[in-house]
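Coordinate analysis (summary)
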Amino acid sequence: MRKLAIIEAPSVLGLRPTGVEDLPAALLGAGLAEALGAVHAGRVEPPPYDSERDPGTGLLNPGGIAAYSVSLADAVGEVLHGSRFPVVLGGDCSVLLGTLLALRRLDRHGLLFLDGHTDFYQPSAEPAGEVASMELALATGRGPRVLADLEGRGPLVRDEDVVALGFRDAAESAGYGMQPLPPALHAMELDTVRALGAAEAARRAVVLLSGGGADAGYWVHLDVDVLDDALMPAVDYRQPDGLTWQELETVLRTALSGGGAVGLTVTIFNPRLDPDGTLAHRLTDCLAGAFDSQG
C-alpha cells in the first residue's frame, strides 16, 4: 500500500472566496485523513485575493497564482521525494498548476482530468477572467506566459498525455467562444463514458495514460462537479447531469489501483452549500472506497 499524505491547498485565487476555500477543513472534519490512513503534510496558504481583473492578461490574480503554484509545487515535491502519494485538497481548480509543476520538475507525466467542464477557456472568452475555467489550457501551454510557462518550463503536460473524462459542457463552452480542445488531447465526454460504462472508460483512460511517452505516471485531478448535480449541488457552477457516486468511485478506483497514479487533487466542493455536512461525508466515503484497492 502506498502511504498517503494530505496537503491543504485552500486557494480560491482562480475563482472567488465563496466557500471553496473551506474544502480541506470540511473533508478533514469528515474524517478523510483517518479513512485514508494518511498523514498531514501541511497547508499552503495563498496570497491575498485581488478582485480586480489584471489588465495585461485578462486574468484574476495571475501573479498570485504563479507564486502560489511554486509554493504548492515545493510542498508536493517534498511529499513525492518522501515516497508518499500526495492528496491535495483545494481550493479551486487553479491548484492543478502547482501540482503539475511539481511533476514537470521531475519528468514527463500524464493527467487524468475528471471535471464536469473542460476548463479550456482563453482569457478573451472567460467572462470573469477566472483561471479555474482555464487551468487545463494553461497547463498545456496555452494562455498568458505568467501561468502557461511557469519557471520557464513550457507546457506542464503535453496534449497527448491528457485524458479529459466526464465533461458535459460542450454546448455551453462553445456558446462562450471557448477555444476547441486540441486533437491530440484524449476527450471522453459524459455520453462516451455512459456508452462504454464507467469501468471500461476508466480502463481505456489508464491505457492511454500508460501507453504513451509519459512513462513516469499520471496525476488524477478531480473537480467534484463531474458528479451529477442532483447528487453534488455544493458547487459554484452547476449544470444538469453528471456521474453517479458509484461511477465516480469506479473511475477513481481504476485509476488509482494500477500503480500508475502519482497523486490526486480534489477541488471545487463548497462546504457552505452543505450546511449539515452530509455531502462532505459522502465525498469522504467515495474517496476512501476508491483507495481501498490502491497498491
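The structure under discussion appears in the preceding block.
The structure contained in this document is the topic of the report that follows. (Residues numbered from 1 in each chain as written. Predicted model: local features only at pLDDT ≥ 70, side-chain atom pairs only at ≥ 80, totals over all residues. Heavy atoms only, no water.)

**Focus: unusual backbone geometry**
Rules: Going along the chain from the N terminus, every DSSP run of H or I of four or more residues is numbered as a helix, and every run of E of two or more is numbered as a strand.
With an omega dihedral of 5°, the bond running from Gly-90 to Gly-91 counts as a cis peptide bond. Assignment of secondary structure puts Gly-91 in the loop between β3 (85-89) and α4 (95-104). Of note, the phi angle at Asn-61 is positive, near 55°, even though the residue is not glycine. If you trace the backbone, Asn-61 turns up in the loop between β2 (39-43) and α3 (62-81).

**Some words on the pattern of salt bridges**
Basically, it comes down to this: Note on definitions: salt bridges are taken to be side-chain nitrogens of Lys or Arg within 4 Å of carboxyl oxygens of Asp or Glu. Here's how the labels work: a residue is buried when its accessible area is under 20% of the maximum for its type, exposed when over 50%, partly exposed in between, all with a 1.4 Å probe on protein chains only.
Enumeration over the complete set of coordinates arrives at 18 salt bridges. The partner of Glu-130 in a salt bridge is Arg-16, and the shortest N-O contact between them spans 3.0 Å. Of the two residues, Glu-130 is situated in the loop between β4 (110-114) and α5 (135-139) and Arg-16 in the loop between β1 (4-8) and α1 (23-29); the sequence distance between them amounts to 114 residues. The exposure class of Glu-130 is buried, given its relative accessible area of 2%. A salt bridge links Glu-247 to Arg-194; its shortest N-O distance comes to 3.2 Å. Taken together, the positions of Glu-247 in helix α10 (residues 245-257) and Arg-194 in helix α8 (residues 190-196) put the pair 53 residues apart, joining distant regions of the chain. Residue Glu-247 is classed as buried on the basis of its relative accessible area of 17%. Residue classification places Arg-194 among the partly exposed positions, given a relative accessible area of 35%.

**Description of the packing of α3 against α4**
This is how it is decided: Angular values range over 0 to 180 degrees, each being the angle between N-to-C directions of two axes fitted as lines to C-alpha atoms, with helices fitted over their stretch in contact. In this scheme, roughly parallel covers angles under 35 degrees and roughly antiparallel covers those over 145, while 65 to 115 is roughly perpendicular and the rest are oblique. Crossing handedness is read from the near helix: turned anticlockwise from the far helix by less than a right angle, it gives a left-handed crossing, and turned clockwise, a right-handed one. Residues count as neighbours in contact if any of their non-hydrogen atoms are within 4.5 Å of one another. Residues are sorted three ways: Asp, Glu, Lys and Arg are charged, Ala, Val, Leu, Ile, Met, Phe, Trp, Tyr, Cys and Pro are nonpolar, and all the rest, Gly among them, are polar.
With their axes 7 Å apart at the nearest point, α3 and α4 run at an angle of 50° to one another. If you check the angle between α3 and α4, you find them oblique. The element α3 and its partner α4 pack so that their crossing is right-handed. Contacts between α3 and α4 involve Ile-65, Tyr-68, Ser-69, Val-70, Leu-72, Ala-73, Val-76, Gly-77 and Leu-80 from the former and Val-95, Leu-97, Gly-98, Thr-99, Leu-101, Ala-102 and Leu-103 from the latter. Of the residues assigned to the contact of α3 with α4, the class counts are 12 nonpolar, 4 polar and no charged.

**Re α3**
Heads up, the rule is: Here the expected span of a helix is defined as 1.5 Å times the quantity of residues minus one.
With 20 residues, α3 extends 28 Å between its outermost C-alpha atoms, agreeing within 8% with the 28 Å of an ideal straight helix rising 1.5 Å per residue. Taken from the residues just after α3, Ser-83 is the one with a positive phi, measuring 60°.

**Comments concerning the nonpolar core**
Let me state the cut-off plainly: Here, nonpolar core refers to any group of buried Ala, Val, Leu, Ile, Met, Phe, Trp, Tyr and Cys residues whose side-chain atoms link them within 4.5 Å.
If you look at the biggest cluster of nonpolar residues, it comprises 60 residues, and the most contacted ones within it are Leu-27, Leu-165, Val-220, Leu-222, Leu-252, Leu-264 and Phe-269. The greatest single-element share of this core, amounting to 8 residues, is contributed by helix α11 (residues 278-291). Those residues in contact with Leu-27 that sit more than four places away from it in its chain are Leu-32, Leu-89, Val-266, Phe-269, Ala-280, Leu-283, Thr-284 and Leu-287. Counting 46 residues, the second largest nonpolar core, distinct from the first, contains Val-44, Ala-73, Ala-75 and Leu-101.

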